[in-house]
Every structure is written in structure tokens, then in C-alpha cells.
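Overview (structure and organization)
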Amino acid sequence: MKRTRLLPAALLLTALAPAAALAGPTLDAVKARGHLRCGVHPGLAGFSSPDAKGNWMGIDVDICRAVAAAVFGDASKVRFTPLSAKERLTALQSGEIDLLSRNTTWTLTRDSALGLNFTGITYYDGQGFMVRRDLGIDSALELDGASVCVQTGTTTELNLGDYFRANGMEYSSVVFEKDDETVAAYEAGRCDALTSDRSQLYAQRIKLSDPKAHVVLPQVISKEPLGPVVRHGDDEWFDIVKWTLFAMVNAEELGVTSANAAERRKDSKNPAVRRLLGVEGDKGKDLKLSNDWAYDIITQVGNYGEVFERNLGADTPMDIDRGLNRLWSQGGLQYAPPVR
Ligand SMILES: N[C@@H](CCC(=O)N[C@@H](CS)C(=O)NCC(=O)O)C(=O)O
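What counts as what
- Numbers given for residues are sequential positions, taken from 1 along each chain in its written order.
- Side-chain atom pairs in this predicted model are given and counted only at pLDDT of 80 or more, local residue features only at pLDDT of at least 70, and totals for whole chains, interfaces and linings cover all residues.
- In computing side-chain properties, one takes all heavy atoms of the structure into account and sets aside hydrogens as well as water.
- Basic side-chain nitrogens of Lys or Arg form a salt bridge, by our definition, when they fall within 4 Å of a carboxyl oxygen of Asp or Glu.
- Secondary structure counts use DSSP, requiring at least four H or I residues in a row for a helix and at least two E residues in a row for a strand, with both numbered from the N terminus.
- Between the N-to-C directions of two axes lies an angle of 0 to 180 degrees, each axis being a line fitted to C-alpha atoms and, for a helix, fitted only over the stretch in contact.
- The labels follow the angle: roughly parallel below 35 degrees, roughly antiparallel above 145, roughly perpendicular from 65 to 115, and oblique for the rest.
- Crossing handedness is read from the near helix: turned anticlockwise from the far helix by less than a right angle, it gives a left-handed crossing, and turned clockwise, a right-handed one.
- Here, two residues are considered to be in contact whenever any of their heavy atoms come within 4.5 Å of each other.
- Here, a strand pair is defined by DSSP locating no fewer than two bridges between the strands.
- When the strands point away from the viewer, a crossover counts as right-handed if the route from the first strand across the helix to the second turns clockwise.

What about the pattern of salt bridges?
Evaluation of the coordinates by the stated rule reveals 13 salt bridges. Asp 98 is the partner of Arg 33 in a salt bridge, and the nearest nitrogen-oxygen pair spans 2.9 Å. Of the two residues, Arg 33 is situated in helix H2 (residues 25–33) and Asp 98 in the loop between helix H4 (88–93) and strand E5 (99–100); the sequence distance between them amounts to 65 residues. Linked through salt bridges whose partners overlap, the residues forming this network are Arg 33, Arg 37 and Asp 98.

Written out as C-alpha cells, the structure reads:
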């Protein structure tokens, strides 16, 4: 009796053993190549854009760098592929990139039928509208009959239709394939309103010739949880990208920063800090990485709060309040499972 009960468990262990000992194909391919290929937005302030010297900057870019730090111990081992909204998912599906980190909304269809996995939420966003101040409108519910500039291939286009239908309002859409064309058309007066994720509206507004002449209306008409995306079928790679963000959020929660991580690794008595920084346990090895994986992320890229402030915070042109992107312990939604 005892024997028959034990047998299936033993067989199961044998069956699992070889798979557990192998690294996933994406990790192997990335390591063999010597760099990560990361798909990003071609130019969205605060999220992903090249600076005057051609260095990529932004919260989405920093996620790519953090994954490179986890895999190689070197955040610079990443090459960026700028992708339009239309190109981004195909580039990932076809294997042209290892990771997509590009203001992409987590939806059911993308996460299932399109063969992709969202690894977490780097930025809780929502869709809004921008109008010229002299239009004298202070609510999106006053937009009945308006023409709205919108980009195709986005959740934005779909939500726009839902919002006007749900509120019994009419609209005409003026549709473009590229962000620059959409904003240029809005600035040229070809539509009454521009709609996009609100973070993007702020980024687009600073590019207009007179940003103060435009207002972002208060209504948030959708949920746009933005996060990194990988392909279906490689759980180990999925885990690595997922835990990269979790490490950054946990570091913020534990008060571990790029400036103090070296000291905390030497002195901290807090078991959670010691596990995160690889002093105790084999957490990196569990991910098929070095036990310094999180230490490398934090010292080279920073914790989640540092990355947010550097790219989007009060000292940047974006000047975005953390809002929903605060830690759960500070009234926000950013929450990570424990490193244990
Ligand atoms: N978060 C939404 C919208 C993302 C999006 O692609 N937005 C536009 C407006 S900023 C964009 O990226 N345009 C630039 C381009 O396609 O090159 C989604 O995932 O569909």
C-alpha cells in the first residue's frame, strides 16, 4: 500500500528532474549572444527615448537594463529595438526581441490568444483626453460630437469607442499609425481632442509649441496596466523578467537603494534584506542566475522608487505624481511577493 502510494510521486520527480536542471531556451540564447534584445518605444519621454548623446532613457528602458543586470551582472548588456505600436507584438512573437518593455497594456487577448505573457505591472496608467484650453471644456463628458485624434493598433482606439457609446455620445475619430502624426494633427487643429494613456498625454504635451495652452481632462476612462511582455512557452525566462521587477519593488519596500545596497549587504541583520542581496539562501540560483542578481539590479539600475523618480518624478519634465504607483504600504498598488 505504502509502496503504491510512493510510486507516482517518485515517477513524477524523475520526470521533472531533467526539465528543472535545464535553463530555458531564451536565457540560453541571451547568454550565448552576450546581450539582451529589448523592444522599446521609439520616443516617449520618461518611458523610452534616446537623449542627445543617443543613450536610451526611461522607466521602460530601465526595466530592460535591470533584466540585463540580473542575467549578466552588467546592465549595459542590452540592445534596444525601437518599435511602433503596430510592430511591437509581432516583433516579440517572431523572436526578433527577447523582451518587450514598451508602454503596453496588459489585456486578456494579448496575454492569451496572442501567445504572450505579461510579467507584471511597471506603471498603472489610464486613458484620458487632452484639449486646447481655449475650448473651455473641463470634462470629457462635454465632448459630444467632437473629433478625436487617436492612434491605431492600440487599446486607446478601442476604449474611445466604448466610452462614447457608454455615455450615449457621438464622435468622429481621426486615426493615425504613428504617434508623431497623431500629435501633429492635434496641434494643427485637425481634431478637437487627443486621446491616449494619460502618462503619454503628459509626454506629448511637453512636445507641443505652447504646452500651457492645453489641458489634460480629469476623467480616466480605462485601466491601462503597463508592463513587460515575453513569449508563451518559456517559464524560466518568464520567471526571470517577473522577479526582476519584484526585486526592484521589494528593494524599495526594504529601503535598499543603489546608494546603500553595498553597505546593507555587509551589515544588514534583516533576513529579508539578506535574502534579497544574496547573503543568505540560493535565491538567484533558483532563477538560474547568480545569487547577486538582485544586488546587481539595485546597484546598477536602482529600486522601483528610484527608477520612477529618475524618469517620471517631480525633478523631471514629466513631473508625474506617483499616485497608484506608490507602494501598497503607502496607499498605492505596487506590491511584490516575498523573496523567500
Ligand atoms: N498602452 C496602450 C497604448 C500604447 C501606445 O502604443 N501608444 C501610442 C501613443 S504614445 C504609441 O506608442 N505610439 C508610438 C508609435 O506607435 O510609434 C496599448 O498598449 O495599446
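So, next bit.
Quick word on the packing of helix H3 (residues 59–72) against helix H9 (residues 235–253)
It is at 10 Å that the axes of H3 and H9 come closest, and there the two elements cross at 110°. Taken together, the axes of H3 and H9 are roughly perpendicular relative to one another. Both H3 and H9 take part in a crossing whose hand is right-handed. Residue-level contacts link Ile 63, Ala 66, Val 67, Ala 70 and Val 71 of H3 to Trp 237, Ile 240, Val 241, Thr 244, Leu 245 and Met 248 of H9.

A word on the sheet that holds strand E9 (residues 146–151)
In spatial order, the strands read E10-E9-E11-E8-E12; together these 5 strands make up an open sheet with mixed pairing. In the strand order of this sheet, the two ends are held by strand E10 (171–176) and strand E12 (214–216), each with one partner. The average angle at which neighbouring strand axes cross in this sheet is 30°, direction not considered. Lying over the sheet, helix H6 (residues 155–166) contacts strand E8 (127–132), E9, E10 and strand E11 (193–197), oriented at roughly 80° with respect to E8. The strands that helix H8 (residues 198–205) touches are E8, E11 and E12; relative to E11, the one it contacts most, it runs at about 125°.

With respect to the pairing of E10
Walk down a regular strand and you will see the side chains alternate between the two sheet faces. Summarising the sheet, E9 and E10 pair through 6 bridges and their orientation is parallel. By the bridge assignment for E10, Ala 146 is matched with Tyr 171. Crossover connection from E9 via H6 to parallel E10: handedness right-handed.

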